[in-house]
Every structure is written in C-alpha cells, then in structure tokens.
Amino acid sequence: MLLCLPLLWVPLAGCGAGSPSGPGSGAGSGAPSASADPGERDVRRAVADWSAVPPAALAAIPLEGWSYEVSAVRVEGVRAFARAELRYRLTGYDAAPAGSAREVELTREGGSWAVTADRPAPGALPQLWDQGPVSVERGAHALVLGGAGQSSGALSDIAAEADKAVPAASAAWPRRWAGRVVVLVPGSLDAMAALLGRPADEYRGLGAVTTGRTGAGPAPADRIVVNPEGYGQLTAEGRQVILTHETTHVATRAVTTAKTPLWLSEGFADWAAYRDSGRTPAEAAPALARAVRRGDLPGELPAAGAFAFGGDADALARAYEGSWLACRLVARRWGEAALVSLYEKSGRESLPTALADTLHTDPAALTRAWQQDLTREFR
C-alpha cells in the first residue's frame, strides 16, 4: 500500500489570487485611503514599514514578493490589531504566490506604533515558521524546509530522494511542468496536522501528502508535506516511492481537475512511482492479491469514496493497488503515451469520452480488461 494522500483540495496556506507585490514592497502595504481614521492610517503605515522585508529569522529561505496587505484595523487604546494577507513566493520554485491570512498586533509607545506579534489570523492555517526555526536544504531539483527539531542530515537525505523523484516523474509525465518541488518537513506529526488543518489521526502512518489547487491557470504553490513519523518508518525504497508519487501529483497538477477520476489520479502517481522499480503486482499489491485469490474480484474500478482515510485500511490499500494496476494495464496494452493522453483528456471531458478518444474503448470494456488482468496476475 502506498502510504500517502494527495489532498488536492487542501490549500497549504490559503493561496490567494491576484498579483503579488514586488520584493520589498511592504505587502502592497495596505496603504491607507485619504478617508481612513488617522489612528488607522498610522497602524497601516507601521505594518507597511515593518513588513518591507522578510524577518531576519527567515533569511535562509529564498523569499520574494514578500508582502502584507492590510484589510482591516481595530484600535483598542494603546493596542491595535491588523488583519492582513501575507503573500510571498519561494524564488525559483513558485510561479504563483502562496499566502496566509495573518493577524498583526501592535502597541503604541511614545506616540508611534510598533509591531509586537504576527500570527495566523483566527481560523487560518499556520506557516512552517510559525512553529519554530526553519532549516533549509537545497537539492538540484528540490528545496527542503525543515521545521523545529529536524536535523540537517535528515533534510539532506530527503533532498537527495526528491532529486531522484523529479526526473522519475518527468519521465512518466512528458509534459511541461516546473521540474522542481518544495518539500516541507515539520517537526512532528502534530505539527504536520496543524499545517494542514486536519486531525493528526488522519495522517498517522502516512508518508507524505501534497497540497495545492488543481486546474489550469498560474502554477499553484504546491508543497509536499512529509510526515516525519510515518516517513521515518519506511524503507529506502518506500521513501522513494512516496516522494515520486507525490512529485507526480505536482507534475500533473495543471491538468488535474474535479473531472479527473481519483483512481486515475492516484493510479497514475503510483504507476510513475513503480514504473522503473521492477516490483511485480504480487509484491506491490499484496492486499488486492489476497482478495482476488480468495474470490473477491472487484466489480468496478475504485470509486472516489474508496480513497477515504480513517476506515478499513485493507480496503484503502486495495483501492490504491487496483488503481495502479489499472494504469499499468493501460500503459502496457495501449502504450504510455495513451495513458498520458487519457489523463489529460479526463480532466476536460467525461471518462467515457476520454476513453473513447484516447483508447477507443469504454468504461465497461476497460473494467473487464482490468478484471481479467487481475485474475491472470493473482490466480
């Protein structure tokens, strides 16, 4: 079973639309209007001055377009609170801005305002640096940011693994994409869950997840988020499979939409990860092999609900394994180029139309071929 979760629908930090301000612009600064209250104007100006450049503590992170755009100000005597949208890009990695809703606290001393705290706005997700010091490791194709407590050795290993994952994903997905990834390695499972805004139990035992918006348009600020506990329990081969799977989600992001069947999205990512591994179906799909051998042949390709975590782990494993084997079948029978075309087409058209246009078949025929393949492999 591939211990990962794509989370295509979860933005890492509330990615916002719109053009970011240039480096050192002070966040669009939330410049006050002429009609703004004088106290509010002073608060906005203080935030603009404070946010003109990234904090010194983040100097090792390659940041550009750093900006705080103030949307609201609340003054309470000698204290003030500014609601702002942080936008930034990681230089060389993000084509579109990442963002985060923030609450900036200020205190008035001697007639002027000074920023005393900066934190996620109520209900907003934190940034990695909100959890403590961030370490940086660079690879040829990867930028790895480690949370509090992560060793440079562990981050260096992940950077090396990501450097292998990017070419593997590119070989499986011969379409234009950035060809580089950003990997976040929080300090703990709880820290990972906080970054993603979900209960920690949903990620327990998982190796990594991918965040980002799907669909056409400016390339989103994707992040691969590693679960340090689950990832650490994997073999070297397992870690490589995980990172290649997640990197493939990043590579295919622009053509992945709500129309793309989950079995195709997950199966393609697994197919890319196992493509040159030499692993046999019996080795890489043990849960499905057991089911078929006891006479429990699946009646249909995995439905979206089969990929929900928190339920039957064996059923979840069978969903991932069956999806991989469906994509493997397409690549072997119709060709790898046809599989890639099917993936592209399925993001724009219904599955029946995509299958007819690329494989000259239909869902029922593909399902029968897949069932026959499973029977041949496992009986």
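Residues numbered from 1 in each chain as written. Predicted model: local features only at pLDDT ≥ 70, side-chain atom pairs only at ≥ 80, totals over all residues. Heavy atoms only, no water.

Peer 1: For this particular structure, what's the right way to read the overall build of the protein chain?
Peer 2: Along the backbone of the protein chain there are twelve helices and ten strands. Relative to its full complement of 379 residues, the protein chain shows a buried share of 51%. Sequence separation of 24 or more characterises 67% of the internal contacts of the protein chain that already satisfy a separation of 6 or more. (Helix = DSSP H or I, 4+ residues; strand = E, 2+ residues; numbered from the N terminus. Buried < 20%, exposed > 50% of the residue type's maximum accessible area, 1.4 Å probe, protein only. Contact = heavy atoms within 4.5 Å.)

Peer 1: Can you walk me through the pattern of salt bridges in this structure?
Peer 2: Opposite charge on two side chains lets them pair, provided their charged atoms get close. Enumeration over the complete set of coordinates arrives at 24 salt bridges. The residue R89 makes a salt bridge to E64 at a minimum N-O spacing of 3.5 Å. Of this pair, R89 sits in strand β3 (residues 79-90) while E64 is found in strand β2 (residues 63-76), placing the two residues 25 residues apart along the sequence. Note that D130 is salt-bridged to R102, the shortest N-O span being 2.8 Å. Here D130, found in the loop between β5 (112-120) and β6 (135-138), pairs with R102, found in strand β4 (residues 98-109); they are 28 residues apart in sequence, far enough to count as distant. Judged by its relative accessible area of 30%, D130 falls in the partly exposed class. Among the charged side chains, a network of salt bridges with common partners joins R79, E103, E105 and R119. (Salt bridge = Lys/Arg side-chain N within 4 Å of Asp/Glu carboxyl O.)

Peer 1: I'm lost on the nonpolar core in this one. Help?
Peer 2: One recurring pattern in soluble globular proteins is that nonpolar side chains are buried together. In terms of nonpolar packing, the biggest core is built from 63 residues, with V181, V183 and W263 touching the most fellow members. Considering each element in turn, this core owes the most residues, ten residues, to helix α9 (residues 313-333). With sequence-adjacent residues up to four places away left out, W263 is seen in contact with F268, L301, P302, F307, S323, A326, C327, L351 and L366. One finds W113, L189, A200 and V225 within the second-largest nonpolar core, a separate group that totals 38 residues. (Core = buried A, V, L, I, M, F, W, Y, C linked by side-chain atoms within 4.5 Å.)

Peer 1: What's the story with the packing of helix α5 (residues 236-251) against helix α6 (residues 262-274) in this structure? I'm lost.
Peer 2: Angle between the axes and distance between the axes: these two values describe a pair of packed helices. At their nearest, the axes of α5 and α6 sit 8 Å apart, and the two run at 130° to each other. As summarised for this structure, α5 and α6 are arranged oblique, according to the angle between their axes. For the pair α5 and α6, the crossing hand works out as right-handed. Residues V241, T244, H245, T248 and H249 of α5 pack against S265, E266, F268, A269, D270, A272, A273 and Y274 of α6. In terms of residue class, the contact of α5 with α6 is built from six nonpolar, five polar and two charged. (Axes fitted to C-alpha atoms, helices over the stretch in contact; angles between N-to-C directions. Parallel < 35°, antiparallel > 145°, perpendicular 65-115°, else oblique. Left-handed = near helix turned anticlockwise from the far one by under 90°. Nonpolar A, V, L, I, M, F, W, Y, C, P; charged D, E, K, R; others polar.)

Peer 1: Just to check I follow, could you spell out the packing of aromatic side chains for this structure?
Peer 2: Each pair of aromatic rings is reported with the distance of its centres and the angle of its planes. Inspection of the entire model under this criterion finds eleven aromatic pairs. Through successive ring pairs, a cluster of aromatic residues spans W50, W66, Y68, Y88 and W129. The ring of W334 has R333 sitting right over it, with the charged end atom 5.6 Å from the ring centre. (Phe/Tyr/Trp six-rings, centres within 6.5 Å; stacked < 30°, edge-to-face > 60°. Lys NZ or Arg CZ within 6 Å of the ring centre and 35° of its normal.)

Peer 1: I tried to follow the environment of A142 on my own but got confused; where do I start?
Peer 2: The residue A142 is located in strand β7 (residues 142-146) in this model. Owing to a relative accessible area of 0%, A142 belongs among the buried residues under this scheme. With 41 residues separating them along the chain, A142 and V183 place their C-alpha atoms 7.2 Å apart.

Peer 1: Where do I start with the sheet that holds β4 in this structure?
Peer 2: Backbone hydrogen bonds are what pair the strands of a sheet, in a parallel or an antiparallel way. Spatially, the four strands line up as an open sheet ordered β2-β3-β4-β5, and their pairing is antiparallel. Bordering the open sheet on either side are β2 and β5, each of which pairs with just one other strand. When the angles between neighbouring strand axes are averaged without regard to direction, this sheet yields 30°. As defined by bridge partners, β3 adjoins β4 across ten bridges and the pair is classed as antiparallel. Among the inter-strand pairings, A84 is bridged to a residue of β4, identified as R102. (Pairing = 2+ DSSP bridges.)

Peer 1: Would you mind going over the pairing of β5 with me for this structure?
Peer 2: Within a regular strand, the side chains alternate between the two sheet faces. Strand direction decides the pairing type here: β4 and β5, joined by eight bridges, are antiparallel. Bridge assignment links E105 to a residue of β5, and that residue is A117.

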